[in-house]
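A structural walkthrough
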Amino acid sequence: MIYNIGLCQFRPTLLKKQKNLDTMWKMVEGIKADLIVFPELSTSGYVFNSRDEVFSIADDFEKSDTTAMFLELSKENDTSYVIGFPEKSDNFLYNSCMLINPDGSKYLYRKTHLFNEEKQWFEPGNLGFVVAKGKKEVNIGLMICFDWMFPESARTLMLKGATIIAHPSALVLPWCQQAMLTRSLENRIFSITANRIGTEINGEKEFLFTGMSQAVSPLGEILFRLEKDDEKVQIVEIDTDKANEKNPTPFNNIITDRKPEYYI
Ligand code: ACM
């Protein structure tokens, strides 16, 4: 099936949710695609100094204005979106992303592998890896940023039937973009890594985010890769059937050739 996938690479402003929501709306306004991915923690920024800061800007997935806005936008543009956001549920905080579809359906994933100081604010995800139906019933696998470091994340999403991995990110280390070529290739799956850009400063802390957001084919080919400081939406047309080709040779199949009894 022909499917238009893409991402929105931008610079969120720390602790300014409404400004970030306005930016995201404007950047994709009028763009019709099948799936567009936004970065990790796009509504809040990333460099926090306290749990209270995170709590002040975190959203309840079921009830928030963020969820409501993307439900409206998804319907208007007939496009599914994946958006990274800080989630509060009861008194707990999660580094989460939501998949929002034009038919009004919505799904949640909570980051499994927390990175660095995130462990001070967030609970590790407790939903496991989520594969959910996007537009046209395509299976979208959800993982967030540092989940890339654990090959089990993408592998689990593939084994659960994902055709495309949507991967909201806020990358500061230099390795992920190249590693995702292998994650796509070894799982014969599309991946969309939507990274943010910019330097973010909070008190003594300063983080530089690496941009270079990309889409990758099941053969590990870069379909597009943005520059380090582009602020833009990029879309590419794919054929989702390519993710069904799990046989690198006539004698090999990446699912049935696995030897899980040796993988401890
Ligand atoms: C990361 O997980 N934000 C590197």
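Now for a quick tour of the structure. (Residues numbered from 1 in each chain as written. Predicted model: local features only at pLDDT ≥ 70, side-chain atom pairs only at ≥ 80, totals over all residues. Heavy atoms only, no water.)

1. Digging into the overall build of the chain
- When helices and strands are counted, the chain shows 6 helices and 14 strands.
- In terms of C-alpha radius of gyration, the chain reaches 17 Å, essentially the compact-globule figure of 18 Å for 264 residues.
- Structurally, the chain occupies a C-alpha span of about 55 × 45 × 35 Å along its principal axes.
- Among the 264 residues that make up the chain, the fraction classed as buried is 57%.
- Put simply, 69% of the contacts in the chain that link residues at least 6 apart link residues at least 24 apart.
- Surface exposure of the chain reaches about 11400 Å², of which carbon and sulfur atoms provide 52%.
- When the 30 basic and 37 acidic side-chain charges of the chain are each reduced to a single mean position, those positions are 2 Å apart. (Helix = DSSP H or I, 4+ residues; strand = E, 2+ residues; numbered from the N terminus. Rg over C-alpha atoms; globule rule 2.2 N^0.38 Å. Buried < 20%, exposed > 50% of the residue type's maximum accessible area, 1.4 Å probe, protein only. Contact = heavy atoms within 4.5 Å. Areas by Shrake-Rupley, 256 points an atom, 1.4 Å probe, with all protein chains shown as cover. Lys, Arg positive; Asp, Glu negative; His and termini not counted. Charge placed at Lys NZ, Arg CZ, Asp CG, Glu CD.)

2. Description of the sheet that holds strand 4 (residues 92–100)
- Overall, mixed pairing links the 6 strands, which are arranged 5-4-3-2-1-14 in an open sheet. Pairing within the sheet leaves two strands with one partner each, and these edge strands are strand 5 (106–110) and strand 14 (232–239). Each neighbouring strand pair of the sheet contributes to a mean axis angle of 30 degrees, computed without reference to strand direction.
- The sheet contact formed by strand 2 (residues 35–37) and strand 3 (residues 80–89) spans 3 bridges and is parallel. Paired with Leu 35 across the strands is Ser 80, a residue of strand 3. (Pairing = 2+ DSSP bridges. Axes fitted to C-alpha atoms, helices over the stretch in contact; angles between N-to-C directions.)

3. Some thoughts on the packing of helix 5 (residues 151–159) against helix 6 (residues 176–187)
- Where helix 5 meets helix 6, the axes come as close as 10 Å, and the angle between the chain directions of the two elements is 35 degrees. In this structure, the crossing between helix 5 and helix 6 has a hand that is right-handed. Contact with helix 5, carried on its side by Pro 151, Ala 154, Arg 155 and Met 158, involves Arg 183, Glu 186 and Asn 187 of helix 6 and no other residues of that element.
- Here the contact of helix 5 with helix 6 is built from residues that sort into 3 nonpolar, 1 polar and 3 charged. (Left-handed = near helix turned anticlockwise from the far one by under 90°. Nonpolar A, V, L, I, M, F, W, Y, C, P; charged D, E, K, R; others polar.)

4. Points about the sheet that holds strand 8 (residues 164–168)
- The strand order across the open sheet formed by 6 strands is 6-7-8-9-12-13, and the pairing between neighbours is mixed. The open sheet terminates on both sides in strands that have one partner only, identified here as strand 6 (130–133) and strand 13 (222–225). Between one strand and the next, the sheet's axes are offset by a mean angle of 15 degrees, whatever the strand orientation.
- With 3 bridges connecting them, strand 7 (residues 139–142) and strand 8 associate as parallel partners. Bridge assignment links Leu 142 to a residue of strand 8, and that residue is Ala 166.
- Helix 6 contacts strand 8, strand 9 (190–194), strand 12 (214–216) and strand 13 of the sheet and is inclined by roughly 20 degrees relative to strand 12.

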